[in-house]
Amino acid sequence: MAGRLLSGCGRAAAVPRALPAAPGLCPRRGCGEAAALRAMGFSEEQARRLLGLQPRLGPQRREAAAAQLLLLGLSAEAALGLLERSPRLLRMPTEQLQERAGELRRLGLDGGQLQRAVSRCPQLFTLPRRRMAAAVRLLRERCLFTAEQLREVLGTCPAVLLEEPRLLHHHFQYAYFRMGVQQKEMVKARLFRMPFAELRNRHIFLERRGLYQTPHKGQTQTSNPKLKDILQLPEKDFLASLAHSTPEEYEVFKKLLAREEKEEEGEEEDRDVL
Amino acid sequence: MGVGGMAATAPRIPATRLALHHFDMSYSLQLKDLWPSVRLGLLCEQKYGALLNNFSPVDHVTQELELLNATDFVSEAPRKAQRWQRGATAEEAGRGESRAQEGSGEGRTVMRAETMTQAEMSPPLRASISSNIKCYTFPRGDITRFRPARPDSLGLLDYYLMDAASLLPVLALDVQPDDFVLDLCAAPGGKTLALLQTGVCGHLAANDVSLSRTKRLYHILHSYVPKEIRETVSVTSYDGRDWGQLGGGTFHKVLVDVPCTTDRHSVMEEDNNIFHKRRTKERQMLPMLQLQLLMAGILATKPGGEVVYSTCSLSPLQNEHVIERAVEIAETEFNISIHVEDLSHFRTLFQDTFSFFSDCRLGELVLPHLTANFGPMYFCKLRRMRGTVKAMPLSSHG
Ligand SMILES: C[S@@+](CC[C@H](N)C(=O)[O-])C[C@H]1O[C@@H](n2cnc3c(N)ncnc32)[C@H](O)[C@@H]1O
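The shown structure was predicted, so the numbers you read here are calculated from the model rather than taken from an experiment.

Enquirer: Explanation requested: helix α11 (residues 165–178) of chain A in the structure shown.
Expert: The periodicity of an α-helix, 3.6 residues per turn, causes residues three or four places apart in sequence to face the same way. All names here are of chain A. Its 14 residues place the ends of α11 19 Å apart at the C-alpha level, agreeing with the 20 Å of an ideal helix rising 1.5 Å per residue. Taken residue by residue, α11 has Leu 168, His 169, His 171, Phe 172, Tyr 174 and Ala 175 as its buried positions. The inward-facing, buried residues of α11 abut α9 (129–142), α12 (183–189) and α13 (196–208).

Enquirer: Help me understand the site of the ligand, please; the structure alone is not making it clear to me.
Expert: Residues and elements named next belong to chain B. Close to the ligand lie 22 residues; Asp 208, Arg 213, Asp 239, Gly 240 and Asp 257 are nearest. Contact distances for the ligand include 2.6 Å between an oxygen atom and a side-chain N or O atom of Asp 208. In the model, a nitrogen atom of the ligand is placed 2.7 Å from a nitrogen or oxygen of the Gly 240 main chain. Summarising the interface, the protein chains cover 88% of the accessible area of the ligand, which totals 600 Å² for the free molecule. For the shell around the ligand, the secondary-structure elements that each account for two or more residues are α9 (190–197) and α13 (280–300).

Enquirer: Help me understand the sheet that holds strand β3 (residues 135–137) of chain B in this model?
Expert: Sheets are built from strands that pair by backbone hydrogen bonding, the pairs being arranged parallel or antiparallel. All names here are of chain B. With antiparallel pairing, the four strands of this open sheet are ordered in space as β2-β3-β1-β4. In the strand order of this sheet, the two ends are held by β2 (71–72) and β4 (159–162), each with one partner. Where strand β1 (residues 49–52) and β4 come together, four bridges link them in antiparallel fashion. Bridge pairing in β4 places Ala 50 opposite Leu 161. Here α9 sits on the sheet and contacts β1 and β4; the angle it forms with β1, its principal contact strand, is near 45 degrees.

Enquirer: In this structure, what is going on with helix α2 (residues 15–31) of chain B? I would like to understand it.
Expert: Residue and element names in this part refer to chain B. In this model, α2 (17 residues) spans 23 Å end to end at C-alpha, consistent with the 24 Å of a helix rising 1.5 Å per residue. Asp 24 marks where α2 bends most, by close to 30 degrees. Buried residues of α2: Ala 15, Thr 16, Ala 19, Leu 20, Phe 23, Tyr 27, Gln 30 and Leu 31, and no others. Backbone geometry just after α2 places Lys 32 at a positive phi near 50 degrees.

Enquirer: Looking at this structure, I do not really get the packing of helix α4 (residues 59–71) of chain A against helix α7 (residues 94–106) of chain A. What am I missing?
Expert: Pairs of packed helices are described in terms of their axes, by the angle between the two and the distance that separates them. Residues and elements named next belong to chain A. Where α4 meets α7, the axes come as close as 10 Å, and the angle between the chain directions of the two elements is 5 degrees. On the basis of their axis angle, the class for α4 and α7 is roughly parallel. In this structure, α4 contributes Arg 61, Ala 64, Ala 65, Gln 68 and Leu 71 to the contact, and α7 contributes Thr 94, Leu 97, Gln 98, Ala 101 and Arg 105. Among the residues forming the contact of α4 with α7, the class breakdown is five nonpolar, three polar and two charged.

Enquirer: I would appreciate a short explanation of the UniProt feature "binding site: S-adenosyl-L-methionine" (unreviewed entry) in chain B in the present structure.
Expert: All names here are of chain B. As annotated in UniProt, the feature "binding site: S-adenosyl-L-methionine" (unreviewed entry) corresponds to Cys 185, Ala 186, Ala 187, Pro 188, Gly 189, Gly 190, Lys 191, Asp 208, Asp 239 and Asp 257 in the numbering used here. Here Cys 185 lies in the loop between β5 (180–183) and α9. On the basis of relative accessibility, which here comes to 12%, the residue Cys 185 falls in the buried class. Setting aside chain neighbours within four positions, we find Cys 185 in contact with Asn 207, Asp 208, Leu 255, Asp 257, Val 258, Pro 259 and Leu 293. Position of Pro 188 among the secondary structure elements: in the loop between β5 and α9. With sequence-adjacent residues up to four places away left out, Pro 188 is seen in contact with Arg 213, Arg 216, Leu 217 and Ile 220.

Enquirer: Looking at this structure, how should I read the interface of chain A and chain B?
Expert: Accessible area lost on assembly of the parts is the figure often given for the size of an interface. The interface of chain A with chain B comprises 14 residues on the first partner and 13 residues on the second. Of all residues in chain A, Arg 208, Glu 249 and Arg 259 of chain A give up the largest surface area on contact with chain B, accounting jointly for 40% of the area buried on that side. Our enumeration of links across chain A and chain B arrives at two salt bridges. On the surface where chain A and chain B come into contact, there are 10 residue pairs in polar contact (both at pLDDT 80 or more).

Enquirer: When you look at the environment of Gly 102 of chain A in this model, what are you seeing that I'm missing?
Expert: Note that Gly 102 of chain A resides in helix α7. In sequence terms Gly 102 of chain A and Gln 68 of chain A are 34 residues apart; their C-alpha atoms lie 9.5 Å from each other.

Enquirer: Please clarify how a negative patch on the surface should be interpreted in this entry.
Expert: Together, Glu 264, Glu 265, Glu 267, Glu 268 and Glu 269 of chain A make up a region of like negative charge exposed at the surface. As for its placement among the helices and strands, Glu 267 of chain A is situated in helix α16 (residues 247–273).

Enquirer: Looking at this structure, I do not really get the pattern of salt bridges. What am I missing?
Expert: Oppositely charged side chains can form a pair if their charged atoms are brought close together. Scanning the entire structure with this criterion turns up 37 salt bridges over all chains. Among the salt bridges present, the one from Arg 145 of chain B reaches Glu 263 of chain A, with a minimum N-O distance of 2.7 Å. With Arg 145 of chain B in the loop between β3 and β4 and Glu 263 of chain A in helix α16, this residue pair bridges two chains. Counted as one network, the salt bridges with shared partners bring together Asp 179, Lys 253, Glu 306, Glu 341, Lys 381 and Arg 383 of chain B.

Enquirer: In this structure, what is going on with the pairing of strand β12 (residues 377–388) of chain B? I would like to understand it.
Expert: Sheet faces and side chains relate simply in a regular strand, where the side chains alternate between the two faces. All names here are of chain B. Pairing of strand β9 (residues 301–311) with β12, which is carried by six bridges, proceeds in the antiparallel orientation. Bridged to Val 307 within β12 is Leu 382. As paired strands, strand β10 (residues 336–340) and β12 are joined by four bridges and run antiparallel to one another. Across the sheet, the residue bridging to Ile 338 is Arg 384, located in β12. Pairing of strand β11 (residues 364–366) with β12 involves three bridges; the strand directions are antiparallel. Within β12, the position partnered with Val 366 by the bridge is Met 377.

About the thresholds
Residues numbered from 1 in each chain as written. Chains lettered and ligands numbered in written order. Predicted model: local features only at pLDDT ≥ 70, side-chain atom pairs only at ≥ 80, totals over all residues. Heavy atoms only, no water. Helix = DSSP H or I, 4+ residues; strand = E, 2+ residues; numbered from the N terminus. Expected span 1.5 Å × (residues − 1). Buried < 20%, exposed > 50% of the residue type's maximum accessible area, 1.4 Å probe, protein only. Contact = heavy atoms within 4.5 Å. Near = heavy atom within 4 Å. Polar contact = N/O pair within 3.5 Å; in protein donor to acceptor, adjacent residues only side chain to side chain. Areas by Shrake-Rupley, 256 points an atom, 1.4 Å probe, with all protein chains shown as cover. Pairing = 2+ DSSP bridges. Axes fitted to C-alpha atoms, helices over the stretch in contact; angles between N-to-C directions. Bend = angle between axes of the 7 residues up to and from the residue. Parallel < 35°, antiparallel > 145°, perpendicular 65-115°, else oblique. Nonpolar A, V, L, I, M, F, W, Y, C, P; charged D, E, K, R; others polar. UniProt positions renumbered as here; feature names shortened; annotations may be inferred. Buried area = accessible area lost by both parts, 1.4 Å probe. Salt bridge = Lys/Arg side-chain N within 4 Å of Asp/Glu carboxyl O. Patch = residues over 30% accessible without salt bridge, like charges linked within 9 Å, V, L, I, M, F, W, Y side chains within 5 Å. Lys, Arg positive; Asp, Glu negative; His and termini not counted. Charge placed at Lys NZ, Arg CZ, Asp CG, Glu CD.

Laid out in structure tokens, this is it:
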């Protein structure tokens, strides 16, 4: 207890040395920090909010973190929003944050795209490096997305990076082989935004109703509905305009399909045991 | 590589795929907008009904099933129909009275509705109330499954799981006390068992050409029916088409539940699939076989007696067309006049449990639909009229 108090004092004591005092008398702690944040482009109100996050944190950390985010092209408001939603970022060592920012930049994510990505998936900065590398490798090397497509995927569905590569691969293969969709269309349709189970529900529902067919090898023209429509229509509209069905029917279908799947898994396990 | 080589290496198309393709071609024309939902129903798990075994104590089973929210659709039907009818009558009466005397009609309307008895129901709606058959189903949209049947203390199983729509042909046959009943294509025996559940058959003859399937019929009788009753059923293995030669016109009621394309089975199971390439001929001969079996059924019926024809296919060629041809042949070749009975009250009675096709020219057809995934089941009832057709020029038939 005493130790913690002491070290707290120590850190607090270091503040004035690290930062030149703001001009004029400023008895309230953090006043100098506020000035520095304002100098980076935060408004007074934003600076106050930023200072309110983890008030005991050293000002360097706060500033360094904010700077890294601004350097990636995030707006002050977006950077603040991100820090508010994942305060862990503030506690991350500066080098690590810097490194991750560099990686995201290398992947082509910056500016507006990064802003959108980060607001969808604040974990982009905190996710372990190995996970991220594995997901990226999978998308590039196994799913054969081009660098440009990868950037688009990460920008629009950044949560792919949180996916277990095995499941991600399955998701991709399902769209590619079972639904016969090419990478380009997947990217355009934001394939990875819809949870896999829901994609499967919608696809098999259409298929059993005779409204979707897996294209033959080499077949490019089909009368299948567009992946974009399957994925992006709200359920109500999906049922009314694509599937020509009712919520009652779809609800029963989802229950039945879930049971089918569970029982297939059971059978596979039984086979594995034999 | 020559064309022959190509053919030899071409991947074998599963029979289920062939069946589905075939159905896509024909049923989409017949059922139009309804086909996608029927197709989905065929390709998803079907629903069952639990036919209670009246030869085993039913009370605890009934209780168990009702706790699970299942209901006996047979006894529920007239009750519901009465309520609908009552609703309609009350509405009419209400409308009439409010015109005459603003506002105060309500109490009397309710009284009227409460006192409406079976006698007031239209006769066809009353008709199938008397059946002893009890079959439990889960409500619309409920996908709960029944546990497997269990033996009672005497070793008889408590219920028989079957497509609940299979009971409709049996209910349509409307067995009366002491009727002589023939089940011409009986195996494996689900409908035979249902016929026995009425408890009133004077005599029951169950026939099926297939020996192996007749064994299954015996097995069902053994599992569900006490010895003394079992022994009154005469099980035979004739070709049903020859039944006429065994002395016709002896049965009050005849069930002709013919072999068909078994649509649900054909899109789901590779085994024993009638759409296998090598069974093409057999499949093409089905309507002919069905017609011959129905003719044999008609000839086995007493004048005044009734025949119910049924299939588990959606195909008009195996359903209405067979009926039409049979009626025509009965008249022209056998001088027998046939009346096709109206079964539309079944649609009213059982609308809550089954999804019926409203555009059948003759008979009734249950369409699979996920919210009530029974069927397909086609059934049509024919009455063999007393007396003969007067000789008339052929031209008047066409
Ligand atoms: C739809 S199944 C009958 C199902 C049975 N009524 C039930 O409810 O369990 C048709 C039956 O017709 C039989 N069958 C086929 N050809 C026949 C024939 N020529 N004479 C008699 N039965 C025949 C088949 O062996 C098959 O068991």
